[in-house]
Amino acid sequence: MKLKDKTAFITGAGHGIGRDIAIRMASEKAMVAVTDRDLALAEETVKIIRANGGSAEAFHLDVTDAPAIKSLIAKILKESGKIDILVNNAGGGWNGPIWEYDEEKWNRTISLSLTSVFLCTLSVVKSMMENKFGRIINISSVVGVSGKKHRSAYCAAKGGIISMTKTWAMELAPFGITANCISPGAIASYEHMKWEEGCWMGRSGKPEDIGGAALFLASSEASFITGQNIVIDGGRTLGLKGDS
Ligand code: NAD
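Below, the structure is looked at part by part.

Scoring rules and cut-offs
Residues numbered from 1 in each chain as written. Predicted model: local features only at pLDDT ≥ 70, side-chain atom pairs only at ≥ 80, totals over all residues. Heavy atoms only, no water. Helix = DSSP H or I, 4+ residues; strand = E, 2+ residues; numbered from the N terminus. Contact = heavy atoms within 4.5 Å. Expected span 1.5 Å × (residues − 1). Buried < 20%, exposed > 50% of the residue type's maximum accessible area, 1.4 Å probe, protein only. Pairing = 2+ DSSP bridges. Axes fitted to C-alpha atoms, helices over the stretch in contact; angles between N-to-C directions. Near = heavy atom within 4 Å. Polar contact = N/O pair within 3.5 Å; in protein donor to acceptor, adjacent residues only side chain to side chain. Areas by Shrake-Rupley, 256 points an atom, 1.4 Å probe, with all protein chains shown as cover. Nonpolar A, V, L, I, M, F, W, Y, C, P; charged D, E, K, R; others polar. Core = buried A, V, L, I, M, F, W, Y, C linked by side-chain atoms within 4.5 Å. Phe/Tyr/Trp six-rings, centres within 6.5 Å; stacked < 30°, edge-to-face > 60°.

**Some points on the environment of Val63**
So, step 1. Within the element layout of this structure, Val63 appears in the loop between strand E3 (55-60) and helix H3 (66-80).
So, step 2. Distance from Val63 to Gln228, taken between C-alpha atoms, is 24 Å for residues 165 residues apart in sequence.
So, step 3. Other than its neighbours up to four places away in sequence, Val63 contacts Thr11, Ile69, Ala90, Ser111, Leu112, Ser116 and Cys120.

**A few points about helix H1 (residues 16-27)**
Residue pairs spaced three or four apart in an α-helix point in one direction, given the helix's 3.6 residues per turn.
So, step 1. The first and last C-alpha atoms of H1 sit 17 Å apart over 12 residues, in line with the 16 Å expected at 1.5 Å per residue.
So, step 2. Counting buried residues along H1, 9 of its 12 residues qualify, which places the element largely inside the surrounding structure.
So, step 3. Of the positions making up H1, those classed as buried are Gly16, Ile17, Gly18, Arg19, Asp20, Ile21, Ala22, Met25 and Ala26.
So, step 4. The positive-phi residue at the C-terminal boundary of H1 is Lys29, with phi of around 80°.

**Observations concerning the sheet that holds strand E7 (residues 229-232)**
So, step 1. In space, the 7 strands of this open sheet follow the order E3-E2-E1-E4-E5-E6-E7, with parallel pairing throughout. Both outer strands of the open sheet, E3 and E7, are each paired with one neighbouring strand and no more. Between one strand axis and the next, the sheet turns by 15° as a mean value, whatever way the strands run.
So, step 2. Together, strand E5 (134-139), strand E6 (177-184) and E7 form the strand contacts of helix H6 (residues 152-172), whose direction differs from that of E6 by roughly 160°.
So, step 3. In the packing of helix H7 (residues 208-218) onto the sheet, the strands contacted are strand E4 (85-88), E5, E6 and E7, and the crossing angle to E6 comes to about 170°.

**What about the site of the ligand?**
So, step 1. Every one of the 26 residues lining the ligand counts as a neighbour, but His15, Asp36, Asn89, Tyr154 and Ser189 are closest to it.
So, step 2. At 2.9 Å, a side-chain N or O of Asp62 approaches a nitrogen atom of the ligand.
So, step 3. A distance of 2.6 Å separates an oxygen atom of the ligand from a polar atom in the side chain of Tyr190.
So, step 4. When isolated, the ligand has an accessible area of 820 Å², and the protein chains bury 88% of it.
So, step 5. In the shell around the ligand, the residues fall into 12 nonpolar, 10 polar and 4 charged.

**Looking at the nonpolar core**
In summary, soluble globular proteins display a tendency toward joint burial of nonpolar side chains.
So, step 1. Ranked by internal contacts, the top residues of the largest apolar core, which has 30 residues, are Met25, Val32, Val34, Ile137 and Ile182.
So, step 2. Among the secondary structure elements, those contributing two or more residues to this core are strand E1 (7-10), H1, strand E2 (31-36), helix H2 (39-51), E4, E5 and H7.
So, step 3. By residue number, the principal contributor to this core is H7, which donates 6 residues.
So, step 4. Beyond its immediate sequence surroundings of up to four residues, Ile182 is in contact with Ile137, Asn138, Ile139, Ser140, Ser141, Ile210, Ala213, Ala214, Leu217, Asn229, Ile230 and Ile232.

**Remarks on the packing of aromatic side chains**
So, step 1. The full count for this structure, using the stated rule, is 2 aromatic pairs.
So, step 2. With 4.8 Å between their ring centres and 80° between their planes, Trp94 and Tyr101 make a pair best called edge-to-face.
So, step 3. According to the relative accessible area criterion, Trp94 is buried, its value standing at 18%.
So, step 4. For Tyr101, a relative accessible area of 13% gives the class buried.
So, step 5. Ring plane angle 65° and centroid distance 6.5 Å describe the contact between Tyr101 and Trp106, whose orientation is recorded as edge-to-face.
So, step 6. Overall, the relative accessible area of 37% leaves Trp106 in the partly exposed class.
So, step 7. Taken together, the ring pairs in this structure connect Trp94, Tyr101 and Trp106 into an aromatic cluster.

Coordinates in, geometry out; function isn't part of it.
This is the structure in structure tokens:
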């Protein structure tokens, strides 16, 4: 019952990491707004939550649609009175070397992976400030720190999320709001994905490896943690496996 009476709003919660976060938060008695670009997937997440006795509602939301973000968040704030926990999870983008980029590919990726985080937070933050409570949890990536070949816009977005989160932590602390990042390494969100190599834990990461940290950051146990970037990658970024 760690999140009793809390309302959580999660983007991209129809699959993978976002779905796991939604299920966990609902299992701790949060009321969860499960949002996704694919409404059928969001409804599937809600079905799982309700089957486990939790409380959730599915909403269509494409996080690249700025007016839709604004109106959905306004609607939920009107109906439920508050959003206590915001999980900016949806992200992704175009892959390819810098010489094959164009402005459209760049803008599309930044819109999905960085601007969306800014816009969702902007729509929620004033209400959190009034309530003197908020937990903002942003899903970045290890590549936001390290960079990765063929992913310049995605890496720029994920790196941007980390520094933006630190800034928000400083700005929002006086209002009882924490802002933190989780940076997953390679997580097998789909059955066919496998990434054991280079990982000290000797297995692929799974969405369930991320949800626990999100739940912790949302809980009262993490009320003194802000501006942090929690890397969850099975030790992958420690150094190459096999090096002495
Ligand atoms: P996933 O593909 O399993 O799920 C993503 C969900 O987001 C899907 O339900 C999809 O419909 C939804 N979505 C996609 N575009 C959207 C949009 N424009 N608006 C709203 N919803 C949208 O992905 P995942 O692996 O769970 O990744 C979730 C987050 O974790 C992303 O931000 C991703 O960048 C980050 N991440 C993933 C990994 C990994 O290895 N899987 C590693 C580091 C970071």
